[in-house]
Amino acid sequence: KGAGELSEEFLHYVKDRKYTLRSLNEVVEFAKHAGFKDVEGENITKRFEEILHQERAKVVNDKQVFMDRFSAKK
């Protein structure tokens, strides 16, 4: 969920999909409450962003392979 303000557009997106967003601290507390011991939370947002950019670049660079597999209509 992050610690910043969420835009109205994003909140609408979340609501439409019936997602429930939790902060890192909330997830850690849920795990502890469930009985897990020595729980530590780690924010890996930057790494997740890197992976998303890498995957996007791969699709862009291999556009024809992508289009052969998934038609424009699909």
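Given the structure is predicted, the values throughout are model-derived calculations rather than measurements. (Residues numbered from 1 in each chain as written. Predicted model: local features only at pLDDT ≥ 70, side-chain atom pairs only at ≥ 80, totals over all residues. Heavy atoms only, no water.)

Draft legend 1. Focus on the overall build of the protein. Counting its regular elements, the protein contains four helices and zero strands. Of the regular secondary structure in the protein, the N- to C-terminal order runs α-α-α-α. In terms of overall dimensions, the protein is more spread out than a globule: its C-alpha atoms have a radius of gyration of 18 Å, far above the 11 Å expected for 74 residues. Along the first, second and third principal axes, the C-alpha atoms of the protein reach 50 × 30 × 20 Å. Just so you have it, the protein exposes about 7500 Å², and 53% of that area is on carbon and sulfur atoms. (Helix = DSSP H or I, 4+ residues; strand = E, 2+ residues; numbered from the N terminus. Rg over C-alpha atoms; globule rule 2.2 N^0.38 Å. Areas by Shrake-Rupley, 256 points an atom, 1.4 Å probe, with all protein chains shown as cover.)

Draft legend 2. Spotlight on the packing of aromatic side chains. Taken as a whole and assessed by the stated rule, the structure comprises three aromatic pairs. With 6.1 Å between their ring centres and 20° between their planes, phenylalanine 10 and tyrosine 13 make a pair best called stacked. Here tyrosine 13 and phenylalanine 10 lie together in helix α1 (residues 8-16), a separation of three residues that amounts to about one turn. Look at phenylalanine 10 and you get partly exposed, because its relative accessible area is 34%. (Phe/Tyr/Trp six-rings, centres within 6.5 Å; stacked < 30°, edge-to-face > 60°. Buried < 20%, exposed > 50% of the residue type's maximum accessible area, 1.4 Å probe, protein only.)

Draft legend 3. Region of the structure containing unusual backbone geometry. With a phi close to 60°, lysine 18 is a non-glycine residue in the positive phi region. Note on placement: lysine 18 falls in the loop between α1 and α2 (24-33). Backbone geometry places aspartate 38, a non-glycine residue, at a positive phi of 50°.

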